[in-house]
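# Fold and contact review
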Amino acid sequence: MLTERIKESIRLRFMLVFIGTLLLAGIFTFPAILISESQRVMASIEGQLSLDASKIAALSQRTGLAPREIADLAQSSAVVIMVYDEGERPTDSDGSVLELEEGETKLLSWKLGSLPKLAMRYDDQYYLLIPNMANNQYETLKDVAFRVLWACTLIGSLLMLIAVRTITEPVRRLNAATKRVAQGDFDVKIPEAARDEIGQLTRNFNRMTRQLKQMETLRSDFISSISHEFKTPLASIQGFARLLQRKDLPPERVEEYTQVILEETTRLTTLSSNILRLNALENQSIPHKATEFSLDEQIRRSVLLLVSQWEPKEIEFDMELEAMSYYGDQDLLQQVWMNLVGNAIKFSHTGGHIQLTLKRERQGAVFVCRDEGVGISPADQKRVFEKFYQADRSRAKEGNGLGLAIVQRILKLCGGSISFESQLGKGTAFTVKLPGPLQKPQEKAERTMPKRHGTQQELAEEKKR
């Protein structure tokens, strides 16, 4: 159970790592501190023992008191004085019985973990001075060291708990927000306060949710637009097909209804083709193929292909197309000119005028399609390149709002750009910029020249060949 909690809680893992690190540090540093400080403490204890031994000698000379009375007077809180009976002697740390001269003192050997002792003989009486276990510097040192260790562990654990909570709180919020996003809620926003890695992660998460929300909105709008675009012609086809089932329809009505059905089916076919084409372009990262072709001739051919649209409206074309070869995807660029010129025809008045220009500019090509039609209102200009958007709904049957979206995607694939200027009631001008190269790059064939002996003139002639 504990193992599972450790795996699932980053806070618990942080705490265990901190406490483990602190304990390991204590295990290695505590003995080192004790050993280094023991030398100083033991020297101080030995000095205290020697001082008490001097007191015993002085009291014995001055007072003539009994040994036990002298020991009671000389004894301090830090040292315990033992008086041996006649015939008894203290033993060394190795168990050997001490034999001291009159007035001689001896510090008994000690080891780490034990305290030094001092034996002395005065007036044929043996004394043993022992540091008080309850009141000496060595025990105080150990006690203080242990208390500091435990205090550091406790305070450090509390501070670490606060720090871990502060660090993991944004992660917890991110975890909760991620669950909401997984359930389809893209309105989640996490406060961005820190500038560290967690703060960067939070900002990237908020950026991701914004993008997902935009994608979801686009997807909903796309589905709604497709449903609407398909629903209208299908309802029209269904209605006129039912009318055709009537037996009393005159021939001219049958022809009229049949023509409407044909127009609606053509509209559906065009819509389906444009949707498939746009989907293919959006999943494409580079043009399919690049060839060298005449760009000006391609534009003229596009105008001729649209003759059935502009001839009934008696539209005049003014074309200033500079002769130009271009190296690019011919099929994709054909769709660009067809869509732009087709839009200019659709929104031009009867007897209108369309100007087409093509010229070189900075190792590239610039094409402008200018009409004198209805123009685009400022409110609609921001949405010109949106899928299925049509500024003039009265002309909805003449298109499906995908042409400019397709043009924009094609130009993006080709590394070009498109912009426009428009005034309501005065017309619109679309400008297309295509990058070079204008001609197919020449392949450099590396030739290896054989080494030959001869005159300089012969070598020069062979190099020319």
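Presented here is an overview of the structure given in this document. (Residues numbered from 1 in each chain as written. Predicted model: local features only at pLDDT ≥ 70, side-chain atom pairs only at ≥ 80, totals over all residues. Heavy atoms only, no water.)

Before going further, it helps to examine the sheet that holds strand β11 (residues 427–434). Two pairing modes exist for strands in a sheet, parallel and antiparallel, and in both the strands are linked by backbone hydrogen bonds. Spatial strand order, β6-β8-β9-β11-β10: five strands in an open sheet with mixed pairing. The open sheet has two edge strands with one neighbour each: β6 (316–321) and β10 (417–423). Averaged over all adjacent pairs, the angle separating strand axes in this sheet is 10°, with direction ignored. Where strand β9 (residues 365–371) and β11 come together, six bridges link them in antiparallel fashion. Across the sheet, Arg-370 pairs through a bridge with Ala-429, a residue of β11. (Pairing = 2+ DSSP bridges. Helix = DSSP H or I, 4+ residues; strand = E, 2+ residues; numbered from the N terminus. Axes fitted to C-alpha atoms, helices over the stretch in contact; angles between N-to-C directions.)

Here helix α7 (residues 295–305) has its buried residues at Leu-295, Asp-296, Gln-298, Ile-299, Ser-302 and Val-303. Angular distribution of buried residues about the axis of α7 spans 160°; they occupy a single face of the element. Exposed side chains of α7 directed beyond 90 degrees from the buried face belong to Leu-304 and Leu-305. (Buried < 20%, exposed > 50% of the residue type's maximum accessible area, 1.4 Å probe, protein only. Arc of directions from axis to C-beta.)

Below, the discussion takes up the sheet that holds strand β1 (residues 79–83). Pairing is antiparallel in the open sheet, where four strands are placed in the order β1-β4-β3-β2. With partners counted over all chains shown, the strands left at the sheet margins are β1 and β2 (105–108), one partner each. On average, adjacent strands in this sheet sit at an angle of 20° to one another, irrespective of strand direction. Note: strand β3 (residues 117–122) against strand β4 (residues 125–131), five bridges, orientation antiparallel. Among the inter-strand pairings, Leu-118 is bridged to a residue of β4, identified as Leu-129. Sheet strands touched by helix α3 (residues 67–74): β1 and β4. Its angle to β1, the strand with the most contacts, is close to 175°. (Contact = heavy atoms within 4.5 Å.)

Now for the nonpolar core. Within soluble globular proteins, side chains that are nonpolar tend to cluster in buried spots. Ranked by internal contacts, the top residues of the largest apolar core, which has 38 residues, are Leu-295, Leu-333, Trp-337, Leu-340, Leu-356, Phe-367 and Leu-434. Of all the secondary-structure elements, those providing two or more residues to this core are α7, α9 (330–346), β8 (353–360), β9, α11 (403–413) and β11. In terms of residue count, α9 provides more of this core than any other element does, eight residues in total. With residues near it in sequence (within four places) discarded, Trp-337 still touches Leu-295, Gln-298, Ile-299, Ser-302, Gly-342, Phe-367, Val-432 and Leu-434. In terms of nonpolar packing, the next biggest core, distinct from the first, is built from 19 residues, Met-42, Ala-71, Ile-81 and Tyr-122 among them. (Core = buried A, V, L, I, M, F, W, Y, C linked by side-chain atoms within 4.5 Å.)

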